[in-house]
Every structure is written in structure tokens, then in C-alpha cells.
Amino acid sequence: MDAPLVGPVRAPDLHVMTWNVRRRVRHLGRRSPDLWSRRQDLVRRLLDAERPAVLGVQEALPDQLELVTASLGPDYRWVGRGRDAAGVDEHAALVYDAARLRVSAHTHHALSATPHVPGSRTWGNLLPRAVVAAELSDLVTGAELLVLSTHLDHLSGRAREASARMIRDLVAAADRPAVVLADANARVGAAPYLELTRGGVLVDSWDVAERRLTPPWGTFSRYRDPVPGGPRIDWLLTTPDVHVISTGVNVARFDGAAPSDHEPVQAVLRL
């Protein structure tokens, strides 16, 4: 078996992951590391080893999301919809272990001035962006948790900052323990990071964890060798009342090949 960075954990601990699995792209060369036909088994192997109870997955097309869920096991379910008006484009879905967690409610918000209009965009982003939020109840401990998964815009800094402000307001209004799982397309310390952590509503799991399982790898390697101290653009943020036991950036390679151009970020939490 492939050795996990974290692997399954027992209650009251909760294993949470955020990962951009990289959408399937057409018309690539046969040797491109980006080919989904070459990567899908690597994605499956990593998820089969790790089995987080909660996964925020970004850029997943519907068939890729099916593979992600199947790789985790028969008890896993997901909530969310595609970012476009039809709901069939890239997903920033929340995948969860239904044997451990129950979803009591979930919402999909467009990251725009009209969040209840699917596919809407108003802040300068060329592509629609969204956040999926789910209220989870732990079937073992009874603890409740709000989890949000999002993928901020890759071009517009204004859109990233406004989106971060909206997500922060959603967390603050919920007034309960929360986790934000994000491909932020921005470095730690940039405007969206400062907006999300403003006022202490959210904290960076990397900063507050009792234990770091890995060096501070960058999370956007583009299939190259991982870089210590590289840009960490994928974030796992929590409200201060969530106890972060450990965290790490998973730079697993399989015969030298990376499953995605992003590295998963993982944490073990206790509510």
C-alpha cells in the first residue's frame, strides 16, 4: 500500500483535506504530465491512502468528481454544483464520509454581488467563481462544523479580495466552528489572505497547528519537484475555536509523477 501522510483517523479527531485535482484538458501531447489519463490512477492512489473525512476538491469536472468519490470508498458522498449557470462546469465540491458525518444543510453561492444567481460574476473575473458551504454534524461526537470549499479567481486581484471578504462574512454570520478549504490563487499574506484572517475570524492551520508533518512546501508545483518555501496558494483555514492537532502539505509522487499540479493540504482537527 502507498504510505499516507495522515491516513484515516479516529474520533474525536477529524482528517480534513483541500486539493485542486486539476481539470481534464484536451489536446495535450502524449507525454504531458497533465494528461488526465495518466494522472487519474495517481489521484486514486493518493486518496485511497489518505481517506480524509472531509475533502474540499477544486477544479473537478463531473466525471473527475465521480472518480474522487469512488477512490475514497462506498461511504463517501458530495455536495455542490458546477460554477457555471448550468452547474455542469468545474466543481469546488465538498466530499465527506457519510459513515462519520451528516450534512444538515448546504448552500452554493456565486462569488459575486448576486450570490444566489448561479454563474453570476461582477468583480472583474472572466470566469464564474463559487463557494460551497455545508453544515456537518459528527455522528460520533455530536460536534457541529461549517465547512466551505472555494476556488478564487486566477486573474483578477479585485475579484479574489471581494470573494474573500464575502467568505469571511459567511463564516462570521454562521457563528460556529468553521473550516475554509481554498485554492486561493494568491500567496500567504496577499490581500485575500489578509481579508479572510481580518479580525481573527479565521486563522491559518499552518500557523496554529501543534505539529507540522512536512516542511513548508509550496502548493503549486506544476508537476515539478516540490519546492520548500515555495508559494502556498492552497489554504486550510479554521476559526480559532477549532483545535488543529497537525497539518502538512502532501508532496507524494508515484514513480516520479505528480497526481496534480497542486499539492494537497491536510490537517487533523479536533472540535
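Above this text you will find the structure in question.
Residues numbered from 1 in each chain as written. Predicted model: local features only at pLDDT ≥ 70, side-chain atom pairs only at ≥ 80, totals over all residues. Heavy atoms only, no water.

This model, assessed by the stated rule, comprises one aromatic pair. Here Y193 and W235 contribute two aromatic rings whose centre-to-centre distance is 5.1 Å and whose plane-to-plane angle is 85°, an arrangement assigned as edge-to-face. Here the residue Y193 occupies a position in helix α4 (residues 191–197), and W235 occupies one in strand β11 (residues 234–238), the gap between them amounting to 42 residues. Accessibility classification places Y193 together with W235 in one group, the buried group. (Phe/Tyr/Trp six-rings, centres within 6.5 Å; stacked < 30°, edge-to-face > 60°. Helix = DSSP H or I, 4+ residues; strand = E, 2+ residues; numbered from the N terminus. Buried < 20%, exposed > 50% of the residue type's maximum accessible area, 1.4 Å probe, protein only.)

We now examine the sheet that holds β11. In a beta sheet, neighbouring strands are held together by backbone hydrogen bonds and run either parallel or antiparallel to one another. Reading across from one edge, β5-β6-β7-β8-β11-β9 is the order of the six strands in this open sheet, with mixed pairing throughout. With one partner strand each, in any of the chains shown, β5 (101–110) and β9 (203–204) form the two edges of the open sheet. When strand β6 (residues 130–138) meets strand β7 (residues 144–151), the two strands line up antiparallel, connected through seven bridges. Counted as the bridge partner of A134 is V147 from β7. Sitting on the sheet, helix α3 (residues 157–174) touches β5, β6, β7 and β8 (178–183), and the angle it makes with β7 is about 175°. (Pairing = 2+ DSSP bridges. Contact = heavy atoms within 4.5 Å. Axes fitted to C-alpha atoms, helices over the stretch in contact; angles between N-to-C directions.)

This next bit is on a nonpolar patch on the surface. Where nonpolar side chains cluster on the molecular surface, the patch consists of L126, L127 and L155 and spans about 300 Å² of accessible area. Its place among the elements puts L127 in the loop between β5 and β6. (Patch = residues over 30% accessible without salt bridge, like charges linked within 9 Å, V, L, I, M, F, W, Y side chains within 5 Å. Areas by Shrake-Rupley, 256 points an atom, 1.4 Å probe, with all protein chains shown as cover. Salt bridge = Lys/Arg side-chain N within 4 Å of Asp/Glu carboxyl O.)

Note on placement: S246 falls in strand β12 (residues 243–249). Judged by its relative accessible area of 4%, S246 is buried.

This next bit is on the nonpolar core. Counting 27 residues, the largest nonpolar core has V16, V54, L94 and L181 as the members making the most contacts within it. At the level of elements, β1 (13–20), β4 (94–97), β5, β6, β7, β8, β12 and β13 (265–270) are the ones that each hand at least two residues to this core. In this view, V54 contacts L14, H15, V16, M17, L94, V95, L101, L136, V147 and L181; residues no more than four positions away in its chain are not counted. (Core = buried A, V, L, I, M, F, W, Y, C linked by side-chain atoms within 4.5 Å.)

A word on the sheet that holds strand β2 (residues 54–58). Spatially, β3-β4-β2-β1-β13-β12-β10 is the arrangement adopted by the seven strands of the open sheet, whose pairing is mixed. Every other strand in the sheet has two partners, leaving β3 (76–79) and β10 (211–212) as the edge strands with one partner each. In this sheet, β13 lies alongside β1 in antiparallel orientation, the contact comprising six bridges. Residue pairing for β13: M17 is matched across the bridge by Q266. Contacting β1, β2 and β13, helix α1 (residues 36–50) crosses the sheet at an angle of about 165° to β1.

Looking now at the pairing of β1. Where burial is concerned, most of β1 is hidden: eight out of the eight residues are buried. Of the two faces of β1, both are covered, the one formed by D13, H15, M17 and W19 as well as the one formed by L14, V16, T18 and N20. Note that β1 and β2 share five bridges and pair parallel. Counted as the bridge partner of T18 is G56 from β2. The handedness of the β1 to β2 crossover, carried by α1, is right-handed. (Right-handed = clockwise from strand over helix to strand, strands pointing away.)

Compared with an ideal rise of 1.5 Å per residue, which puts 18 residues at 26 Å, α3 spans 26 Å between its outermost C-alpha atoms and is within 8% of the ideal. At the exit of α3 stands D175, carrying a positive phi of roughly 50°. (Expected span 1.5 Å × (residues − 1).)

So, on to the packing of α1 against helix α2 (residues 62–72). At a minimum axis separation of 8 Å, α1 and α2 run at an interaxial angle of 30°. Read as a crossing pair, α1 and α2 show a hand that is right-handed. Residues W36, R39, Q40, V43, R44, L47 and D48 of α1 pack against D63, Q64, L67, V68, S71 and L72 of α2. Taken together, the residues that form the contact of α1 with α2 break down as six nonpolar, three polar and four charged. (Left-handed = near helix turned anticlockwise from the far one by under 90°. Nonpolar A, V, L, I, M, F, W, Y, C, P; charged D, E, K, R; others polar.)

Our next topic: unusual backbone geometry. For residues other than glycine, phi is negative in most cases, and the peptide bonds are mostly trans. The peptide bond linking A11 to P12 adopts the cis configuration, its omega dihedral lying at 10°. Within the secondary structure, P12 sits in the segment before β1. Residue R22 is not a glycine yet carries a positive backbone phi of 70°. Tracing the backbone shows R22 in the loop between β1 and α1. With a relative accessible area of 21%, R22 lands in the partly exposed category. Within the chain, D255 stands out as a residue other than glycine whose phi angle is a positive 50°.

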